[in-house]
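Each chain, written out:
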Amino acid sequence: QVHLVESGGGLVQAGGSLRLSCTVSRNIFSFNAMGWYRQAPGKQREFVARRTTTNTIYADSVKGRFTISRDVAKNAVYLQMNTLKPEDTAVYYCNAIDSSNEYWGQGTQVTVSG
């Protein structure tokens, strides 16, 4: 069974930075794509960033501030978040897809105070 575990969330002031980690119980190259989504209170879950074998994409709201990266040896995917804004406050979820399934982590809370 595939497990994704997020960590690194917390409380920061506007303009600060956080790095989220997603550790996976399977070689990350076995996935077609891995990425990050977030869900704020009262809002739908939204796309943040995704990396496939060929490209990386970001939501317009985070371009230039967030960076997705990976460490194959650690089976980990990261989201470096800089210049955080209060509107970035949300639960952040790690996501992975392979040829037949979609997997989600439990989420990690990010709170940005103004």
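This report concerns the structure included in the present document. A quick note: this is a predicted structure, and the numbers were derived from the prediction, not measured.

Quick look at the overall build of the protein chain
Move 1: Looking only at helices and strands, one finds zero helices and 11 strands in the protein chain.
Move 2: When the helices and strands of the protein chain are listed from N to C terminus, the series reads β-β-β-β-β-β-β-β-β-β-β.
Move 3: With respect to the three principal axes, the spread of C-alpha positions in the protein chain is 40 × 25 × 25 Å.
Move 4: Residues classed as buried in the protein chain amount to 42% of the 114 residues present.

Considering the nonpolar core
Move 1: Counting residues in hydrophobic clusters, the biggest one holds 29 residues, and the most contacted among them are Leu4, Met34, Trp36, Leu79, Met81 and Tyr92.
Move 2: Among residues more than four places away in sequence, those in contact with Met81 are Gly16, Ser17, Leu18, Leu20, Arg65, Phe66, Tyr92 and Val110.

Some remarks on unusual backbone geometry
Move 1: In this structure, Asn75 takes a positive phi of about 50 degrees despite not being glycine.
Move 2: With respect to the helices, strands and loops of the structure, Asn75 is situated in the loop between β7 (66–71) and β8 (76–81).
Move 3: The backbone phi angle of Thr83 is positive, close to 50 degrees, even though this residue is not glycine.
Move 4: We classify Thr83 as partly exposed; its relative accessible area is 46%.

Brief notes about the environment of Arg65
Move 1: Tracing the backbone shows Arg65 in the loop between β6 (56–58) and β7.
Move 2: The exposure class assigned to Arg65 is buried, which follows from its relative accessible area of 9%.
Move 3: For the pair Arg65 and Met81, spaced 16 residues apart in sequence, the C-alpha to C-alpha distance is 6.1 Å.
Move 4: The contacts of Arg65, once residues within four sequence positions are left out, are Gln80, Met81, Asn82, Thr83, Leu84, Lys85 and Asp88.

The rules behind each value
Residues numbered from 1 in each chain as written. Predicted model: local features only at pLDDT ≥ 70, side-chain atom pairs only at ≥ 80, totals over all residues. Heavy atoms only, no water. Helix = DSSP H or I, 4+ residues; strand = E, 2+ residues; numbered from the N terminus. Buried < 20%, exposed > 50% of the residue type's maximum accessible area, 1.4 Å probe, protein only. Core = buried A, V, L, I, M, F, W, Y, C linked by side-chain atoms within 4.5 Å. Contact = heavy atoms within 4.5 Å.

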